[in-house]
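# Structure assessment
Chain residues, written in single-letter form:
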Amino acid sequence: MKVGKRLFSMMVVGGLMACAVPAFSDEGLGELVSEAAPKGATKVIPPGNYAMVAKYADAFLSTPPGGHRTIYADSLMDGKDDLNLADELGDYFLLDVRTPAEYCAGTVPGAVNIPMSELAKPENLAKLPKDKPILVICNTGHTASISNAVLGILGYDAWTLRFGMTGWRDATKTKVGTSASSQLIFGAGLPVQKCQ
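What this report covers is the structure whose coordinates are included nearby. (Residues numbered from 1 in each chain as written. Predicted model: local features only at pLDDT ≥ 70, side-chain atom pairs only at ≥ 80, totals over all residues. Heavy atoms only, no water.)

## Side note on the overall build of the protein chain
Counting its secondary structure elements, the protein chain contains 7 helices and 7 strands. The helix and strand sequence of the protein chain, counted from the amino end, reads α-α-β-α-β-α-β-α-β-α-β-α-β-β. Expressed as a percentage of the 196 residues in the protein chain, the buried residues total 38%. For the protein chain, the proportion of contacts with a sequence separation of at least 24, taken over those separated by at least 6, is 55%. Accessible surface for the protein chain amounts to roughly 11200 Å². Of this, 59% is attributable to carbon and sulfur atoms. (Helix = DSSP H or I, 4+ residues; strand = E, 2+ residues; numbered from the N terminus. Buried < 20%, exposed > 50% of the residue type's maximum accessible area, 1.4 Å probe, protein only. Contact = heavy atoms within 4.5 Å. Areas by Shrake-Rupley, 256 points an atom, 1.4 Å probe, with all protein chains shown as cover.)

## Things to note about the pattern of salt bridges
By the definition in use, this model includes 2 salt bridges. The salt bridge partner of R69 is D157, with a shortest N-O separation of 3.9 Å. Remark: D157 occurs in the loop between α6 (142-153) and β5 (158-161) and R69 occurs in the loop between α2 (47-61) and β1 (70-71); sequence separation between them is 88 residues. R69 sits in the buried class, given a relative accessible area of 17%. D157 sits in the partly exposed class, given a relative accessible area of 26%. (Salt bridge = Lys/Arg side-chain N within 4 Å of Asp/Glu carboxyl O.)

## Brief notes about the sheet that holds β1
What the 5 strands build is an open sheet, ordered β1-β5-β4-β2-β3; its pairing is parallel. Two strands bound the open sheet, and with one partner strand each, they are β1 and β3 (112-113). In this sheet, β5 lies alongside strand β4 (residues 134-137) in parallel orientation, the contact comprising 3 bridges. From the neighbouring strand, I134 faces β5, where its bridge partner is A158. (Pairing = 2+ DSSP bridges.)

## Here's the deal with the nonpolar core
Counting residues in hydrophobic clusters, the biggest one holds 18 residues, and the most contacted among them are L95, L128, I134, V136 and L151. Elements represented by at least two residues in this core include exactly β2 (93-96), β4 and α6. Counting residues per element, this core draws most heavily on α6, which supplies 4 residues. Setting aside residues up to four positions removed in sequence, I134 forms contacts with Y92, F93, L95, L128, P129, L151, Y156, D157, A158 and W159. L76, Y92, Y103 and L190 belong to the second largest nonpolar core, which has 17 residues in total. (Core = buried A, V, L, I, M, F, W, Y, C linked by side-chain atoms within 4.5 Å.)

## Structural notes on the state of the cysteines
One pass over the structure, following the stated rule, counts 1 disulfide. Each sulfur in the disulfide pair C104 and C195 lies 2.1 Å from the other. One disulfide, between C104 and C195, carries an S-S torsion of -75 degrees and so falls in the left-handed class. Taken as a pair, C104 in helix α4 (residues 100-105) and C195 in the segment after β7 (182-186) lie far apart in primary sequence, 91 residues in all. Given a relative accessible area of 31%, C104 falls into the partly exposed group. We classify C195 as partly exposed; its relative accessible area is 34%. (Disulfide = S-S within 2.5 Å.)

See the structure below:
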């Protein structure tokens, strides 16, 4: 399963690099990368678009580990404004990238559901704000991190809910480390919204 997700992630990022979204300005970036299209590509990528994607990828990947790309559930609900741009739940556009069934079983109140498999479609990207940070939510944080990387490379200010709904809910019974035995993982015990 891990290999499948990694392969999917690599394909998504490769696809983004091959088909850079022209929604962001590539003004002045043509000089940064010349003829830098990935080898073996069927289409030549204009240097400006490739440079634009490389710029956003560099900005995303240059964030130090433990930096602003993940945030714990309890710090979103502590009622303390720590003078950070986004440190409370209301500061974010809430995006749940799980399947509709998982979303309806319980999500962070106010979250919008766009499954990861549909996230990069133009009509869904158009629903996302460019002027507000996006908190990406999944079950454990893994799928949200992949989605976060894609959004980050596209220039969105995306964050991952650390440990996903497992960290948000009171407790989740899941298999960790082995498929043979389950254990109870305790989370923050925050409110959950279900579909009607």
